[in-house]
Amino acid sequence: MSTVRPPIPSASFCRSQPAAAGGSGAVPVFTALCLLTILLLTAAPNASAQRQVGAFGAGGQAGLPGGATVKLYRDDSVAYDVLFNTDLDDRFVLFTHRLWEEPIPQSPLWIYAGPGVVVGAENLSAEPVSVLGVSGLAGLNFYAERFEVFLQVMPRLQVHPSVRPRLGGSVGLRYYL
């Protein structure tokens, strides 16, 4: 008598494509980050004072796309955001954005937006295909001590290997060194 085994979970939170019908591991991560966001918003009224020129933060984000992220502040209102997205097997894509940030008056929140590019490769184990596109990034964030919590939306237009518009969104957390 054969036994049917459930599929082995994968790093689906890193993929920029929706998970198969079997479900996704991103839901618990998303829920945890949302709860953390609410907790930090209520606990950190002076959080915006932690943002500094030259600050470098690293962390992760869950959503479409998700992955490892870093951010570097250069000027008073300019930051550079980089996201490394992979399925840990056959795909890696780099998203880079130049962002302009502004505080929301009488709030610990900041709003940001800016243009970016998407470069990477898919199908690495067979015949690699390059990925190229343009994107935009817009969102809200706030700071609590050395942490940044953010919620963002990313419209993008893949132009190679085929033209495909996409809309993604994510939630994440960065720690500033």
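Conventions used here
- Residues numbered from 1 in each chain as written.
- Predicted model: local features only at pLDDT ≥ 70, side-chain atom pairs only at ≥ 80, totals over all residues.
- Heavy atoms only, no water.
- 1 Å grid on protein atoms, 1.4 Å probe; cavity = no way out; pocket = protein on both sides within 12 Å on 5 of 7 lines; lining within 4 Å.
- Points joined across faces, edges and corners; volume = space filled by probe spheres on them.
- Nonpolar A, V, L, I, M, F, W, Y, C, P; charged D, E, K, R; others polar.
- Pairing = 2+ DSSP bridges.
- Helix = DSSP H or I, 4+ residues; strand = E, 2+ residues; numbered from the N terminus.
- Buried < 20%, exposed > 50% of the residue type's maximum accessible area, 1.4 Å probe, protein only.
- Contact = heavy atoms within 4.5 Å.
- Phe/Tyr/Trp six-rings, centres within 6.5 Å; stacked < 30°, edge-to-face > 60°.
- Axes fitted to C-alpha atoms, helices over the stretch in contact; angles between N-to-C directions.
- Core = buried A, V, L, I, M, F, W, Y, C linked by side-chain atoms within 4.5 Å.

Caption draft 1: Focus on empty space enclosed by the protein. Applying the stated rule across the entire model yields one cavity of 30 Å³ or more. Volume-wise, the largest cavity comes out at about 90 Å³. In terms of lining residues, the largest cavity is bounded by 12 residues, among which Val118, Val131, Arg156, Gln158 and Arg166 are the most central. Here the residues of the lining of the largest cavity are counted per class, giving six nonpolar, three polar and three charged.

Caption draft 2: Summary view of the pairing of strand E3 (residues 78-86). In this sheet, E3 lies alongside strand E2 (residues 67-73) in antiparallel orientation, the contact comprising six bridges. Looking at the pairing, Leu72 lines up with Tyr80 of E3. Hairpin connection, E2 to E3: the antiparallel pair is bridged by four residues. One ladder, built from nine bridges, connects E3 with strand E4 (residues 91-103); its direction is antiparallel. When the sheet's bridge partners are listed, Leu83 is paired in E4 with Phe95. Two successive antiparallel strands, E3 and E4, enclose a turn made up of four residues, where Leu88 displays a positive phi of approximately 65°.

Caption draft 3: The environment of Arg174, seen in detail. Mapped onto the fold, Arg174 is located in strand E8 (residues 164-176). Among the residues examined, Arg174 registers a relative accessible area of 1% and is labelled buried. Separated by 103 residues in sequence, Arg174 and Lys71 have C-alpha atoms that sit 8.2 Å apart. Those residues in contact with Arg174, other than ones at most four positions away along the chain, are Gly57, Ala58, Gly59, Thr69, Val70, Lys71, Asp81, Arg146, Phe147, Glu148 and Phe150.

Caption draft 4: Spatial organisation of the packing of aromatic side chains. Counted by the stated rule, this structure contains six aromatic pairs. Geometrically, the ring pair formed by Phe84 and Phe92 is stacked, given 6.4 Å between the ring centres and 25° between the ring planes. With relative accessibility at 36%, the residue Phe92 sits in the partly exposed group. Judged by centre distance (6.3 Å) and plane angle (90°), the rings of Trp110 and Tyr143 are edge-to-face.

Caption draft 5: A look at the sheet that holds strand E6 (residues 129-144). Taken in spatial order, the eight strands line up as E1-E2-E3-E4-E5-E6-E7-E8 and close into a barrel, and their pairing is antiparallel. Each strand axis lies, on average, 25° off the axis of its neighbour in the sheet, ignoring direction. Pairing geometry for strand E7 (residues 147-160) and E8, over 12 bridges, is antiparallel. Residue pairing in the sheet places Val149 in a bridge with Leu173 of E8.

Caption draft 6: Local environment of the nonpolar core. Leu83, Val93, Phe95, Leu99, Tyr112, Val118, Val131, Leu137, Phe150 and Met154 together form the largest nonpolar core, which totals 10 residues. In terms of residues, this core owes the most to one element, E4, which gives three residues. Not counting chain neighbours up to four residues away, the residues in contact with Val118 comprise Val93, Leu94, Phe95, Val131, Leu132, Gly133, Ser135 and Arg156. Counting six residues, the second-largest nonpolar core is a separate cluster that includes Ala55, Tyr73, Trp110 and Tyr176.

Nothing here speaks to function; it is all geometry.
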